Amino acid sequence: MGSEMEPLLLAWSYFRRRKFQLCADLCTQMLEKSPYDQAAWILKARALTEMVYVDEIDVDQEGIAEIILDENAIAQVPRPGTSLKIPGTNQTGGPSPAVRPVTQAGRPITGFLRPSTQSGRPGTMEQAIRTPRTAYTARPITSSSGRFVRLGTALFEYIFHHENDVKTALDLAALSTEHSQYKDWWWKVQIGKCYYRLGMYREAEKQFKSALKQQEMVDTFLYLAKVYVSLDQPVTALNLFKQGLDKFPGEVTLLCGIARIYEEMNNMSSASEYYKEVLKQDSTHVEAIACIGSNHFYSDQPEIALRFYRRLLQMGVYNCQLLNNLGLCCFYAQQYDMTLTSFERALSLAENEEEAADVWYNLGHVAVGIGDASLAHQCFRLALVNNNSHAEAYNNLAVLEMRKGHVEQARALLQTASSLAPHMYEPHFNFATISDKIGDLQRSYVAARKSEAAFPDHVDTQHLITQLRQHFAML
C-alpha cells in the first residue's frame with residue numbers, strides 16, 4: 001500500500017495552505033488524465049482566482065479614464081454636508097488645514113491608508129497622473145462569494161477576477177440569473193458588481209436592491225453603499241448603512257463604513273463615535289484604533305494618541321508608519337527618551353523611499369522643535385533625496401532658507417512646493433509673504449489668492465490680501 005496522498009486531497013491541502021500555484025499545477029495534472037473531473041476544474045478555478053483576488057467591496061480603484069471622463073452629473077453647488085467631491089461643502093466642525101493636513105480633495109488625511117483616501121478626486125489630468133494608486137485593501141478578505149460549490153459560480157469568479165473580462169462575466173451572470181428564474185440573489189449581486197465595474201451605477205443599484213429584497217446580506221449593503229458613494233450621495237449611503245445595522249446589529253463592517261463616510265465629510269466627532277462603536281464590537285480592529293489615535297493626535301492630545309498606537313504595537317503591528325507616529329507622539333508628549341529610538345526603528349523598517357522620506361521629514365520637525373536649524377536643514381534635505389516630490393519638505397526648507405536670508409532660493413523652493421501640491425495653502429502663503437517683503441506685490445497677490453482658495457478661513461492670508469488691496473488702491 002503506497003503512502004502517497006490522493007491527488008485531489010493533496011491539491012485541496014495546498015489550497016487550504018494558500019499554496020495556490022502548487023494547487024493549480026496538481027489540478028492540471030489531474031485534468032490531463034481526467035478532463036471531465038468537475039471537482040478538479042472547480043479547485044483549479046478557485047486557486048487561480050485566489051492568486052489575484054482583491055476584495056471588491058473595499059477597493060475602489062478609479063483610473064484616469066473614470067476620473068477625467070466621468071459622465072455622471074453631480075450637483076455643482078450641493079448643500080453643505082451632502083457631497084464628498086466638492087471641497088468646502090463638507091466643513092461640519094472638522095479640523096482646519098492649519099491643524100491637520102488635507103488631500104487634493106480638501107479632506108483631512110485619515111489615520112489609516114485606504115484606497116482612494118490619499119488621492120481624493122484630482123481635478124486635472126496632470127494631478128490624476130500624479131495621483132498614487134494602490135490595490136491594497138483595508139478590509140480583511142471576506143468569503144463574500146461563499147458559494148464556490150458549483151462550477152458556474154467558480155467559473156464566474158475566475159472570469160471576473162483572473163481574466164478581468166467583465167463583459168463575459170456579465171453575460172454568464174445574466175444567463176445564470178435567467179436560468180434560476182430571477183430568484184437567485186447571488187447572481188444578481190454578481191451582475192451588480194459587473195455593472196459597477198463598467199461604471200453603470202444606476203443599473204448596479206437596481207440589481208443590488210433586487211438582491212436585498214430576496215436575501216438581506218451584509219455584503220450587499222456594502223456594495224450598494226459603494227454605489228451611492230460613487231454617485232456622490234453620502235447621506236443616502238449613511239441611511240443605507242443604518243438600515244443594515246437594524247438587520248445586523250453591531251456588524252463591524254457596517255459601523256466602519258459609516259465612520260469612513262463621516263471622516264470623508266470632515267465630521268471627525270461623529271467618525272470617532274462610530275470608530276469607538278467598532279472597538280466595542282471588535283477590540284482588535286486596526287483601522288478603528290489607528291483612526292482614533294490619529295484624531296487624538298491632531299486634537300492636541302498626543303498622550304492619548306500614544307496609548308492607541310502602543311495598543312497596535314502590543315497587537316503585533318510592527319511597521320514603519322506605526323513607529324513614525326509613535327515617534328511624533330512621544331516628542332509632542334515630551335517623552336524625549338523614546339522619540340529618537342522610535343524614528344531609528346522606523347527608518348530601519350522603511351520598505352521604500354517614500355516611507356523613509358516621511359521619517360526624515362518628521363525628524364526635521366523634531367530638530368526645529370529643539371531649535372537645531374542645521375539638523376533640521378539636513379533632515380529636510382534627506383527627505384527630498386528619498387522623495388523628490390515631497391512638497392511639505394520643500395516648504396519647510398524654504399522657511400529655513402528664508403531665515404538665513406536666502407530669498408531667491410526660498411522663493412524657488414516655494415514655487416516647487418506649490419506646483420507639487422496646489423491643494424496646500426502654506427507654500428502659497430509663504431510665497432506671498434516673501435514677495436510682499438521684497439516689493440513684488442503682483443505675485444504676492446496672486447499667491448495670496450491661491451492660498452485663500454485652498455484655505456478660505458486663514459486669517460493671515462485675509463489680512464495680507466486686505467493690505468495688498470490697500471496698496472493697489474493707493475497707486
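Predicted model, so just to flag it, every value in this text is computed and none were measured.

*Asks:* Help me understand the packing of helix α11 (residues 234-247) against helix α12 (residues 252-264) in this model?
*Replies:* Put simply, α11 and α12 touch, their axes get as near as 9 Å, and they point 160 degrees apart. Considering their axes alone, α11 and α12 lie roughly antiparallel with respect to each other. As for the relative orientation of α11 and α12, their crossing is left-handed in sense. Along its contact with α11, which presents P234, A237, L238, F241, K242, G244 and L245, the element α12 presents L254, L255, G257, I258, I261 and Y262.

*Asks:* Is there a simple way to explain helix α19 (residues 373-386) in this structure?
*Replies:* Look at α19: 20 Å from first C-alpha to last across 14 residues, which is about the 20 Å you get at 1.5 Å a residue. Taken as a whole, α19 has its buried residues at A376, H377, C379, F380, A383, L384 and N386. At its buried positions, α19 is contacted by α18 (353-369) and α20 (391-403).

*Asks:* How should I be thinking about helix α22 (residues 426-437) in this particular structure?
*Replies:* The periodicity of an α-helix, 3.6 residues per turn, causes residues three or four places apart in sequence to face the same way. Counted at 1.5 Å a residue, the expected span for α22 with its twelve residues is 16 Å, and the 17 Å between its end C-alpha atoms agrees. α22 sits mainly inside the fold: nine of its twelve residues count as buried. Of all the residues in α22, the buried ones are P427, H428, F429, N430, F431, A432, I434, S435 and D436. Where the residues of α22 are buried, they touch α20, α21 (407-420), α23 (441-454) and α24 (459-474). A positive backbone phi angle near 90 degrees is found at G439, which sits one or two residues after α22.

*Asks:* Would you explain the pattern of salt bridges in this entry?
*Replies:* Where side chains of opposite charge bring their charged atoms close, a pairing between them can arise. Summed over the entire model, instances satisfying the criterion amount to ten salt bridges. The salt bridge partner of D171 is K167, with a shortest N-O separation of 3.8 Å. Of this pair, D171 and K167 both sit in helix α7 (residues 166-179), four residues apart, which is roughly one turn of that helix. D171 sits in the partly exposed class, given a relative accessible area of 40%. The class for K167 is exposed, based on a relative accessible area of 58%. One salt bridge connects R449 with E452, and the closest N-O pair in it is separated by 3.4 Å. You can see R449 and its partner E452 sitting in helix α23, three residues apart, about one turn around the helix. You can call E452 partly exposed: its relative accessible area is 27%. Sharing partners across several salt bridges, the network here consists of E408, R411, D440 and R443.

Cut-offs and rules
- Residues numbered from 1 in each chain as written.
- Predicted model: local features only at pLDDT ≥ 70, side-chain atom pairs only at ≥ 80, totals over all residues.
- Heavy atoms only, no water.
- Axes fitted to C-alpha atoms, helices over the stretch in contact; angles between N-to-C directions.
- Helix = DSSP H or I, 4+ residues; strand = E, 2+ residues; numbered from the N terminus.
- Parallel < 35°, antiparallel > 145°, perpendicular 65-115°, else oblique.
- Left-handed = near helix turned anticlockwise from the far one by under 90°.
- Contact = heavy atoms within 4.5 Å.
- Expected span 1.5 Å × (residues − 1).
- Buried < 20%, exposed > 50% of the residue type's maximum accessible area, 1.4 Å probe, protein only.
- Salt bridge = Lys/Arg side-chain N within 4 Å of Asp/Glu carboxyl O.

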